[in-house]
Amino acid sequence: PLYECGAAAASTVLTKTNLAQTAFGMVFGEKFGAIFVAICLFFFAFSTVLSWNLFGKINVVWLFGEKNAQKSTRIYTVIALAFIVLGTIMSNDLVWELTDAFNYLMVLPNAIALFALTKMVTGSLNEIEKK
């Protein structure tokens, strides 16, 4: 039958989450490809969690001040740990979709800041051009 051959068979088996593993498995062999992807994914996830956690703590201290740094970073840490635990029990596709959505939401405050600072930036540029 048609569904047992070629691209039709691959499209029923391949998903977003196993596509890289399948590709590396075809090049390096099924077992080594799976191990390689698992190791790379572990280091990527571990370094991402550590770096975003540090970045978040630095921003929490900046937002709430040095006076409240200990309390605010503890609250941030509890919230971050809760999201990490939720990320481990939810489906991979949902976790990636939520990650993308939250990254897209970071555009809003940045765009607002760009519009708010436009006059100051153009003023500074005019001063530099006059010199």
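Higher on the page you've got the structure.
Residues numbered from 1 in each chain as written. Predicted model: local features only at pLDDT ≥ 70, side-chain atom pairs only at ≥ 80, totals over all residues. Heavy atoms only, no water.

J.: Describe in detail the packing of helix H3 (residues 30–64) against helix H4 (residues 69–89), supporting the description with residues and values.
T.: Following both chains from N to C, one finds H3 and H4 inclined at 145°, their axes separated by 9 Å at the closest point. In this structure, H3 meets H4 at a crossing whose hand is right-handed. Counted together, Val49, Trp52, Asn53, Gly56, Lys57, Val60, Val61 and Phe64 of H3 and Ala69, Ser72, Thr73, Tyr76, Thr77, Ala80 and Ile84 of H4 form the full contact between these two elements. (Axes fitted to C-alpha atoms, helices over the stretch in contact; angles between N-to-C directions. Helix = DSSP H or I, 4+ residues; strand = E, 2+ residues; numbered from the N terminus. Left-handed = near helix turned anticlockwise from the far one by under 90°. Contact = heavy atoms within 4.5 Å.)

J.: Requested: an account of the packing of aromatic side chains, with residues and values cited.
T.: Under the definition given, this model contains eight aromatic pairs. Both rings, one in Phe32 and one in Phe36, keep their centres 6.3 Å apart while their planes meet at 25°; by these two values the pair is stacked. You can see Phe32 and its partner Phe36 sitting in helix H3, four residues apart, about one turn around the helix. On the basis of relative accessible area, Phe36 is assigned to the partly exposed category, the value being 30%. An aromatic cluster of at least three residues, connected via ring pairs, comprises Phe24, Phe28, Phe32 and Phe36. (Phe/Tyr/Trp six-rings, centres within 6.5 Å; stacked < 30°, edge-to-face > 60°. Buried < 20%, exposed > 50% of the residue type's maximum accessible area, 1.4 Å probe, protein only.)

J.: Tell me about the layout of surface pockets, and name the residues and values.
T.: The rolling of a water-molecule-sized probe over the atoms marks out the regions of remaining empty space. Considering only enclosed or pocket space, the largest pocket measures out at about 2,000 Å³ in volume. As for the largest pocket, its lining consists of 42 residues, of which Thr48, Val49, Phe83, Val95 and Thr99 are closest to the centre. The set of elements that each furnish at least two residues to the lining of the largest pocket consists of helix H2 (19–28), H3, H4 and helix H5 (92–105). Take the lining of the largest pocket: its biggest share by element is 15 residues, from H3. (1 Å grid on protein atoms, 1.4 Å probe; cavity = no way out; pocket = protein on both sides within 12 Å on 5 of 7 lines; lining within 4 Å. Points joined across faces, edges and corners; volume = space filled by probe spheres on them.)

J.: Give a detailed account of the packing of H5 against helix H6 (residues 107–130), specifying residues and quantitative values.
T.: For the pair H5 and H6, interaxial distance at closest approach is 5 Å and the crossing angle is 10°. One element, H5, and the other, H6, form an angle in the roughly parallel class. Here H5 contributes Asn103, Tyr104 and Leu105 to the contact with H6, which in turn contributes Val107, Leu108 and Pro109. Grouping the constituent residues of the contact of H5 with H6 by class yields five nonpolar, one polar and no charged. (Parallel < 35°, antiparallel > 145°, perpendicular 65-115°, else oblique. Nonpolar A, V, L, I, M, F, W, Y, C, P; charged D, E, K, R; others polar.)

J.: Tell me what's going on with a nonpolar patch on the surface, and back it up with residues and numbers.
T.: Together, Phe24, Met26, Val27, Phe28, Phe32 and Phe36 give the surface a local cluster of nonpolar side chains, amounting to about 630 Å² of exposed area. Elements that contribute at least two residues to the nonpolar patch include exactly H2 and H3. The biggest single contributor to the nonpolar patch is H2, with four residues. Here Phe24 is to be found in helix H2. (Patch = residues over 30% accessible without salt bridge, like charges linked within 9 Å, V, L, I, M, F, W, Y side chains within 5 Å. Areas by Shrake-Rupley, 256 points an atom, 1.4 Å probe, with all protein chains shown as cover. Salt bridge = Lys/Arg side-chain N within 4 Å of Asp/Glu carboxyl O.)

These results come straight from atomic positions and should not be treated as a statement about function.
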